[in-house]
Amino acid sequence: MRELPLPLALTARLLPVAVLASAGWALSSGPFAATPAGEQDAARKDTAASNSGSGSDASAPSASAASKAYSKAPAPCSGVSEKTVKSLVPGAKTAGQEITSTDKAVRRTCSWNALKGFDYRWLDVSYEIKASDDKARTAYEQRVKEKSGGGAVPGLGDTAYSVVNLTTEDKQQTREGAVIARVSNALVVVTYNGSDFETKKAPGTDEINKGAIRAAKEAVAALDDAP
């Protein structure tokens, strides 16, 4: 097998990866990249029962405004199966790297990245817990508005959106997919990107989009599976 010199683009990309990974920070170029462990706890609250009996009290908040199904963000590195990590990020440690957060109750992120040969992949999964369904809905709509060109993902959470973008820097292509899903008062944000540092080409749109959606489906399901 012939040996190829390490491209400058690869060197430039991997250097901050090594530095930031050791510092506990995620590196992701996506429009929805999270700034990024402990015990996990995602609890369902029966808001309907607590609001029953409010009856004709006009001052009582609406069920939508008061709804809060999730009180804490689950452990993000458990949000995607080992099988999926091996498939989407060949060569990555399946345990993932949880990113330091200022408040793990409301936001937690896990990253996986690896270079296998000259083929590079990066996956981020982030959970954000909002104070209510309405606040989560507003945050979701704002994020979708910030990045147009994508489309809805049917059957994922209460509502979901995906978008794929291609960037080129120094003739090196990188294709990145982002999926945002809302489930009650929780947002699940997945970023998945890839590059080939030998051909300087990026993976196909379909591959990146399907990979991001696959990870997002598992991450959404993990909201209810978490203890």
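Structural data are supplied above this passage.
All values derive from a computational prediction rather than experimental measurement.

Considering the overall build of the protein
Next up, step 1: Counting secondary structure elements, the protein contains 6 helices and 7 strands.
Next up, step 2: Ordered by position from the N terminus, the helices and strands of the protein form the series α-α-α-α-β-β-β-α-β-β-β-β-α.
Next up, step 3: Across the 227 residues that make up the protein, the buried fraction comes to 43%.
Next up, step 4: Within the structure as shown, the protein displays about 11,600 Å² of accessible surface, and the carbon and sulfur contribution to it stands at 52%.

Description of helix α5 (residues 133-146)
Next up, step 1: Along its 14 residues, α5 runs 20 Å from first to last C-alpha, staying within 8% of the 20 Å computed at 1.5 Å per residue.
Next up, step 2: All of the buried residues along α5 are D133, A136, A139, Y140, R143 and V144. Looking down the long axis of α5, one finds its buried residues gathered within 130° of arc, a one-sided arrangement. Away from its buried face by more than 90 degrees, α5 exposes K135, K145 and E146.

Overview of the packing of aromatic side chains
Next up, step 1: A full pass over the atoms with the stated rule returns 2 aromatic pairs.
Next up, step 2: Here Y120 and W122 contribute two aromatic rings whose centre-to-centre distance is 6.4 Å and whose plane-to-plane angle is 50°, an arrangement assigned as tilted.
Next up, step 3: Classification of Y120 as buried rests on a relative accessible area of 1%.
Next up, step 4: Each residue in the set Y120, W122 and F197 is aromatic and connected to the rest through ring pairs, giving one cluster.

A short note on the state of the cysteines
Next up, step 1: Throughout the structure, instances matching the rule amount to 1 disulfide.
Next up, step 2: Linked covalently through their sulfurs, C77 and C110 form a disulfide whose S-S length is 2.0 Å. Note on the C77 and C110 pair: the S-S dihedral is about 95°, so by sign convention the disulfide is right-handed. On the criterion of sequence distance, the pair formed by C77 in the loop between α3 (63-66) and α4 (82-88) and C110 in strand β2 (residues 107-116) is long-range, its members being 33 residues apart.

A closer look at the environment of L223
Next up, step 1: Here L223 shows up in helix α6 (residues 205-225).
Next up, step 2: C-alpha of L223 to C-alpha of Y70: the two residues are 153 residues apart in sequence and 8.3 Å apart in space.

Observations regarding the sheet that holds strand β4 (residues 151-152)
Consider a sheet: its strands pair through backbone hydrogen bonds, and that pairing is either parallel or antiparallel.
Next up, step 1: Across the sheet, which stays open at both edges, the 7 strands sit in the order β1-β2-β3-β7-β6-β5-β4 with antiparallel pairing between neighbours. The two strands at the open ends of the sheet, each matched to only one other strand, are β1 (97-99) and β4.
Next up, step 2: Here strand β3 (residues 119-129) pairs with strand β7 (residues 186-196) via 11 bridges, running antiparallel. Residue pairing across strands places Y120 opposite S195, the latter belonging to β7.
Next up, step 3: Packed onto the sheet, α5 meets β2, β3, β5 (159-169), β6 (172-183) and β7 and runs at close to 155° relative to β6.
Next up, step 4: Taken strand by strand, α6 contacts β3, β5, β6 and β7, and its axis lies near 150° from that of β7.

Things to note about the pattern of salt bridges
Next up, step 1: This model, assessed by the stated rule, comprises 9 salt bridges.
Next up, step 2: Here R108 ties to E98 by a salt bridge, and the two come within 2.8 Å at their closest N and O atoms. Of the two residues, R108 is situated in strand β2 and E98 in strand β1; the sequence distance between them amounts to 10 residues.
Next up, step 3: Counted as one network, the salt bridges with shared partners bring together R107, E128, K130 and R143.

Definitions and limits used
Residue numbering note: each chain is counted from 1, following its sequence as written. Per-residue local features are limited, in this predicted model, to residues with pLDDT of at least 70; the limit for side-chain atom pairs, both in listing and counting, is 80 or more; totals at the level of whole chains, interfaces and linings are taken over all residues. For the side-chain quantities, the full set of heavy atoms in the structure was used; hydrogens and water were omitted. Each helix corresponds to a stretch of at least 4 residues labelled H or I by DSSP, and each strand to a stretch of at least 2 residues labelled E; elements are numbered beginning at the N terminus. Note on exposure labels: buried denotes an accessible area under 20% of the residue type's maximum, exposed denotes more than 50%, and partly exposed covers the range between, all computed with a 1.4 Å probe on protein chains only. Per-residue and other accessible areas follow the Shrake-Rupley method at a 1.4 Å probe size, with only the shown protein chains counted as cover for residues. For a helix, the expected span equals 1.5 Å multiplied by the residue count minus one. When we speak of the arc, we mean the arc of directions from the helix axis to the C-beta atoms. Stacked, tilted and edge-to-face are the three classes applied to pairs of Phe, Tyr and Trp rings, where Trp contributes its six-membered ring and a pair requires centres within 6.5 Å; stacked means planes under 30 degrees apart, edge-to-face means over 60, and tilted covers the rest. Cysteine sulfurs are considered disulfide-paired once they come within 2.5 Å of each other. Pairs of strands are assigned from DSSP output, requiring at least two bridges between the strands. Should any heavy atoms of two residues lie within 4.5 Å, those residues are considered in contact. Here an angle of 0 to 180 degrees is reported between the N-to-C directions of two axes, which are lines fitted to C-alpha atoms, with helices fitted over the stretch in contact. What makes a salt bridge here is a side-chain nitrogen of Lys or Arg within 4 Å of a carboxyl oxygen of Asp or Glu, nothing more.

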